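# Survey of secondary and tertiary structure
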Amino acid sequence: MAPEWSRLSSCSGSGAAGRKVGPHRMRRQGKKLVLVLLLLFAFGPFGRTPAWGQQAVETGPGKPEQAVERVIVQLAAPPVLAYRLATVSGQAGRGSGVPGAREAQSLLAYGQRLEEEQQQVVARLREKGLLVESTWHYTQLFNGFVALVPAARIKELVAVPGVRALFPDQRVHATLADSVPLIGAPAVWAMTDPSGRAVRGQGVRVAIIDTGVDYTHPDLGGCFGPACKVIGGYDFVNKDLDPRDDNGHGTHVAGIIAASGTVTGVAPEASLYALKVLDSQGSGWTSDIIAALQWAVDPDGDPATDDGAQVVNLSLGGPGGPDDAVSQAVDAAVDAGVVVAVAAGNTGDQGFFTIGSPGTARKAITVGASAKNDTLASFSSNGPVSQGWLLKPDLLAPGVSIQSTIPGVSYAHYSGTSMATPHIAGGAALLRQLHPDWSPLHVKAVLMNTALDLGLNVLSQGTGRVQLAAAASPWAVADPGSLSLGLDVLAEATWTGTARFTLTNSGGNAALYSLSVGSGLPAGVNGTLSAGSLTLAPGASAPVTLTVEVDNGVLTPPGSPTFTVAGKVLVQLEGNTLPVPFGFGVQQGADAYEPDDGYSQARPIVPDSTPQTHNFHVAWDEDWVSFTATQGTTYVVETGNLGPDCDTVLRLIAGDGTTELAYDDDSGVGVASLITWTAPADGTYFVRAHQFNGSVFGDNTYFDLWINTVQIHADGYEPDNAYDRATSMPADGMHQTHNFHTAGDEDWVSFTAAAGSRYTIETGNLGLSCDTILQLYDTDGTTELVYDDDGSDEPLASRITWTAPASGVYFARVHDFSPSGYGDSTGYDLWLTVCSLPEDLNGSGVVDLADLQAITNRWDETSATPGWDPRFDLDGNQKVDMIDVMGVAKAWGRSCP
């Protein structure tokens, strides 16, 4: 199998991803268009269109199909397992046992409350016409549900009370004889667990979330049910109880973990759960993965029964970050007591920053691939994870030409990080049998601490290739197994980063450990430890803090592609060395506010002060600021002065750093963002800014961010109650705040329009007693051109979209629906925007397939070509070429209101 990494795929196969275009349409468009669409599929969405799962549904008898999007809707309350951690038991998971009857009842009641809240949100969405259908509802690892919503109204969901965040439900695709001894599994089989049984995975349940498992294969037990090797499972694709593999990928993974027959897996006596989330073509949805994770943690939905998996294998992934929906679910599963092994991805040939989600999850064991001669597989994805500059992958396992089971009593050799990951899942099953008291993070740390260092970049090998025999009997454990220090702020003369790990004595005797920072750090970088030695009794632990100080005047910043300075902390005992890798990012041209990638790193901003200038330096970068708000004061949070590749999204976050209070994408100028919000209480609040398309970053993604206070009832534009007193209004999207001060009051504005340009003037942010009417007048100030009452998305607000027939100064009049309505509660905002779409080559008002066809028809034309039309030369180089085609692709889906 060719090792390719599709948008969200298994790590051993390939699959097209992107916007869905019917085969019949592609055939009609000709070869050039097919080429361009394949480019779109290969590179994923551009510009403003995220990887939402779009499809069409029938809207009723005789009605046309309606374009809908599949989205994962997250609600604010924590899921059940997070609730258990925080309020009930203090530490959930298999290691702490299943909850007692009283605790289980409390968890069930809390879960029911979440279900009721979800249904209330569903009802609100239906009432607003924002929901076509809801499918999976999650309460255990993630609080939310999957919704099919009208594609044209997706952004309205974030304004619905109870909705915290939206995530795209992306399509997913399906990507031993030498490798099992290589990693030391036979040596572990010779050991015995606390019950005296040979350590071969007996009593450990491993969930395989994949294409299903061919349980009829004799090496996999030949049957399905409690008495078989594959003890249970579910088909999330066909929604039935038969998760039999009709693709082959999942069966190959299952054989690496637990086959016993012609081939022997790493943990041949482990029991398997088969959870089918990918269909016969290897295609599925991220929402099914979350549902499968929830099933794996608690198959029967009863927290009082101990039937969940102790290990989960995820040989799949795609674009994303550590805070996306599926990564959150993975981390929650680890908190619940489950080891989760995830493939790093197969895009190593594309360089660094190529780890796929949910391999980006902080608590997952992210697995890269090595060859049998302990070299790095060329396809194995590289870190870091830019958000938090996480060092990934965590370690390597064999993943090149691995023989294992496939459907039909057959065997095959596959390559990919999909094949490496089940080596780790099987190894984790052995460790869970041998050491049932070890937590998932302890298992992860031990596997990382004892890996064989191959002498490669930490961003490629993690800590090295897994060695199970050493992991079974460690002499010390450093948790976590690698340390991420964040991002150096080059604008500062000196920068300091800190990280901490816990050192545990795993031996049977007291030990004196020597600790040091390894040599080889570049000039200007100095690392120190909180202790140079530690004496620990058997089983005892102690924290160790690493501090790295950087003199940026001396440091030569590492360049592309890694941007990372790496080193090692060395823990030594009687000639043995345990290395703990550490690293920090150094991004040239970083804004002065980095690191600011989370609420704990947020940089303060003072309202009504100078704007801050930021930049998105790497994929999925985000910037956080904090500010102090006063109860009852209204604030406008805004971005502007955007770089040519920048498109911001703003989120206002409560003082806890997690609860989302407001969201905005494009309420500001162009593709800038604006949030108007009144503080409910005094305190510190946070603003999170990120790029709409997280895979777009670089020097051209700079932006300014500022916060201003406003008096929402003041009207600085009075007197403006007649056309000859109208206040000039620019078409820049900036909000003017008005008010109806007396009965019958009206407000007039004027604006300069250019012939043929499309303008939108609208009202919003209405006071409690405000209901606007909007009228557009000709250049004479008396001839009414357009009238609107409640045409805005906001029920009582107004919107007019109009194309100027001729250049000139036009007028707009705003008044209240009720002539007697006036006072402080009739405040409203008024703003004007102009739409310019140079990529809309056919003038339809939207950048779509017709524009792509139009530009491909002009392919290779130059300024010397008869009939040359410069409209198609978007970059102005006197030729219609791939840059122009990609310009249309990047603007795909943009439209004028």
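Residue indices follow the written sequence of each chain, beginning from 1 at its first position. Confidence filtering applies because this is a predicted model: local features only for residues at pLDDT of at least 70, side-chain atom pairs given and counted only at 80 or more, and all residues used for totals across whole chains, interfaces and linings. By convention in this description, side-chain values take in all heavy atoms of the structure and omit both hydrogens and water.

Turning our attention to the overall build of the protein chain. The helix and strand tally for the protein chain stands at 15 helices and 45 strands. Only protein chains enter the area calculation, which uses a 1.4 Å probe; residues under 20% of their type maximum are buried, those over 50% are exposed, and those in between are partly exposed. Looking at the 897 residues of the protein chain, the share that counts as buried comes to 57%. In this description, accessible areas are obtained by the Shrake-Rupley approach with a 1.4 Å probe, and a residue is regarded as covered only by the protein chains that are shown. For the protein chain, the exposed area adds up to about 33,500 Å²; of that, 51% sits on carbon and sulfur atoms. Here a strand is any run of E in DSSP of at least two residues, a helix any run of H or I of at least four, and the numbering for each starts at the N terminus.

Once that is clear, we can look at the packing of aromatic side chains. Centre distance within 6.5 Å is the pairing criterion for rings of Phe, Tyr and Trp, where only the six-membered ring of Trp is used; planes under 30 degrees apart are then read as stacked, over 60 as edge-to-face, and the remainder as tilted. For the structure shown, the criterion picks out 28 aromatic pairs. Pairing W475 with Y513 gives two aromatic rings, centres 6.2 Å apart and planes at 20°, and the pair type is stacked. One end of the pair, W475, is in the loop between helix 13 (468–472) and strand 19 (476–479); the other, Y513, is in strand 22 (residues 511–517), with 38 residues separating them in the sequence. Through successive ring pairs, a cluster of aromatic residues spans F627, Y635, W677 and Y685. Whether a charge sits over a ring comes down to the Lys NZ or Arg CZ being within 6 Å of the ring centre and within 35 degrees of the ring normal. Across the ring face of W285, the terminal group of R70 is positioned such that the distance to the ring centre comes to 4.0 Å.

Take helix 10 (residues 417–434) next. To estimate the expected span of a helix, subtract one from its residue number and multiply by 1.5 Å. Counted at 1.5 Å a residue, the expected span for helix 10 with its 18 residues is 26 Å, and the 26 Å between its end C-alpha atoms agrees. Helix 10 sits mainly inside the fold: 18 of its 18 residues count as buried.

Summarising the element assignment, T360 is placed in the loop between strand 14 (339–343) and strand 15 (365–370). Sequence-distant contacts of T360, defined by excluding residues within four places in its chain, comprise G320, G321, P322, S327, I355, V385 and L390. Here a residue-residue contact requires only that any non-hydrogen atoms of the pair lie within 4.5 Å.

With that out of the way, let us pick up the nonpolar core. In this text, buried Ala, Val, Leu, Ile, Met, Phe, Trp, Tyr and Cys residues form a nonpolar core when linked through side-chain atoms within 4.5 Å. Judged by nonpolar contacts, the single largest core of 58 residues is most densely connected at I424, L430, L447 and L468. At nine residues, helix 10 tops the list of elements feeding residues into this core. If near-sequence neighbours (up to four positions away) are discounted, L430 is found in contact with A185, V188, W189, V199, R200, G201, V266, A267 and L468. Residues F236, A296, A309 and A336 belong to the second largest nonpolar core, which totals 43 residues.

Further remarks concern the packing of helix 14 (residues 849–857) against helix 15 (residues 882–890). For any two helices packed against each other, one specifies the crossing angle of their axes together with the interaxial distance. Between N-to-C directions, angles cover 0 to 180 degrees, with each direction set by a line fitted to C-alpha atoms, over the stretch in contact for helices. The geometry of helix 14 relative to helix 15 is characterised by a closest axis approach of 10 Å and an angle of 175° between their N-to-C directions. Considering their axes alone, helix 14 and helix 15 lie roughly antiparallel with respect to each other. On helix 15, the residues touching D851, L852 and I855 of helix 14 are D884, V885 and V888. Residue polarity follows a fixed list, in which Ala, Val, Leu, Ile, Met, Phe, Trp, Tyr, Cys and Pro are nonpolar, Asp, Glu, Lys and Arg are charged, and the others, Gly among them, are polar. Among the residues forming the contact of helix 14 with helix 15, the class breakdown is four nonpolar, no polar and two charged. Throughout, the term roughly parallel applies to angles under 35 degrees, roughly antiparallel to angles over 145, roughly perpendicular to angles from 65 to 115, and oblique to all others.

What follows deals with the confidence of the model for the protein chain. Across the protein chain, the average pLDDT comes to 84, with 89% of residues at or above 70. Predictor confidence is given residue by residue as pLDDT, running from a minimum of 0 to a maximum of 100. The low-confidence segment residues 1–9 (pLDDT under 50) makes 58 contacts with residues lying over four places distant or belonging to another chain. pLDDT under 50 marks residues 89–96. Its contacts with residues more than four places away, or in other chains, come to 22 contacts.

Leaving glycine out, the prevailing phi sign among residues is negative, and the prevailing peptide bond configuration is trans. The omega torsion of the bond from S357 to P358 falls at 10°, within 30 degrees of zero and hence cis. Looking at the secondary structure, you find P358 in the loop between strand 14 and strand 15. Geometrically, the link from K392 to P393 is a cis peptide bond, its omega value of 0° lying close to zero. Its location among the elements puts P393 in the loop between strand 15 and strand 16 (395–398). Of note, the phi angle at F563 is positive, near 55°, even though the residue is not glycine. You can see F563 is positioned in the loop between strand 25 (541–551) and strand 26 (564–573). Look at F563 and you get buried, because its relative accessible area is 16%.

All right, on to the state of the cysteines then. Cysteine sulfur atoms are paired as a disulfide whenever they come within 2.5 Å of each other. This model, assessed by the stated rule, comprises one disulfide. The residue that forms a disulfide with C223 is C228, at a sulfur-sulfur distance of 2.0 Å. Judged by the sign of its S-S torsion, about -125°, the bond between C223 and C228 is left-handed. The buried category is assigned to C228, whose relative accessible area is 14%.

This part covers the packing of helix 8 (residues 286–297) against helix 9 (residues 325–335). Here helix 8 crosses helix 9 at 10°, and the two axes come no closer than 10 Å. Comparing their axes, helix 9 and helix 8 come out roughly parallel. The residues of helix 9 that touch helix 8, namely those facing I289, I290, L293 and V297, are A325, V326, A329, V330 and A333. When its residues are assigned to classes, the contact of helix 8 with helix 9 shows nine nonpolar, no polar and no charged.

Here we come to the environment of T737. Its place among the elements puts T737 in strand 38 (residues 736–738). Spatially, the C-alpha atoms of T737 and N765 are 9.1 Å apart, while their sequence positions differ by 28 residues. At 2.9 Å, the side chain of T737 and the side chain of D829 are in polar contact. Pairs of N or O atoms are called polar contacts if they sit within 3.5 Å, as long as, within protein, a hydrogen donor faces a hydrogen acceptor (for residues adjacent in sequence, only side-chain-to-side-chain pairs).

Within strand 35 (residues 683–691), seven of the nine residues are buried, which leaves the element mostly enclosed by the surrounding structure. Here a strand pair is declared whenever DSSP counts at least two bridges between the two strands. Two strands pair when backbone bridges link them, and strand 30 (residues 622–629) and strand 35 are joined in this way by eight bridges, in the antiparallel orientation. Within the sheet, the bridge partner assigned to E622 lies in strand 35 and is H690. As defined by bridge partners, strand 32 (residues 648–653) adjoins strand 35 across six bridges and the pair is classed as antiparallel.

Moving on, we get to the sheet that holds strand 23 (residues 525–529). Taken together, four strands build an open sheet; the order of strands is 19-21-25-23 and the sheet is antiparallel. Looking at the sheet topology across the chains shown, the edges are occupied by strand 19 and strand 23. Along the sheet, successive strands turn relative to each other by an average axial angle of 25°, direction set aside. Direction of pairing for strand 23 relative to strand 25: antiparallel, over a ladder of five bridges. Its bridge partner lying in strand 25, G527 is registered against V548.

Pairs can form between side chains of opposite charge once their charged atoms are near each other. Any Lys or Arg side-chain nitrogen located within 4 Å of an Asp or Glu carboxyl oxygen qualifies as a salt bridge. Scanning the entire structure with this criterion turns up 19 salt bridges. Put simply, R362 and D323 hold a salt bridge, and the shortest N to O gap is 3.0 Å. Of the two residues, R362 sits in the loop between strand 14 and strand 15 while D323 sits in the loop between strand 13 (316–317) and helix 9, which places them 39 residues apart along the sequence. Exposure remark for D323: the relative accessible area of 31% places this residue in the partly exposed category. Of the charged contacts, one joins E861 and R858 as a salt bridge, the two residues approaching to 3.4 Å between their closest N and O atoms. Judged by relative accessible area, E861 falls into the buried class, the value being 17%. Residue R858 is classed as partly exposed on the basis of its relative accessible area of 22%. Salt bridges sharing common partners tie together K392, D394 and K444.

What follows covers the side chain of Q74. Take Q74: it is sitting in strand 3 (residues 65–75). Judged by its relative accessible area of 5%, Q74 falls in the buried class.

Let us now look at the sheet that holds strand 37 (residues 727–728). In space, the five strands of this open sheet follow the order 37-39-44-41-42, with mixed pairing throughout. Since the sheet does not close on itself, it has two edges, and those belong to strand 37 and strand 42 (784–788), each with one partner. The pairing of strand 39 (residues 746–753) with strand 44 (residues 808–816) spans eight bridges and is antiparallel. Each bridged residue has a counterpart across the sheet, and for D747 the counterpart in strand 44 is V814.

This brings us to helix 9. Structural remark: α-helix, 3.6 residues per turn; residues separated by three or four positions point the same way. Counting buried residues along helix 9, nine of its 11 residues qualify, which places the element largely inside the surrounding structure. Residues of helix 9 that are buried: A325, V326, S327, A329, V330, D331, A332, A333 and V334. One or two steps after helix 9, the chain reaches G337, where phi turns positive at roughly 105°.

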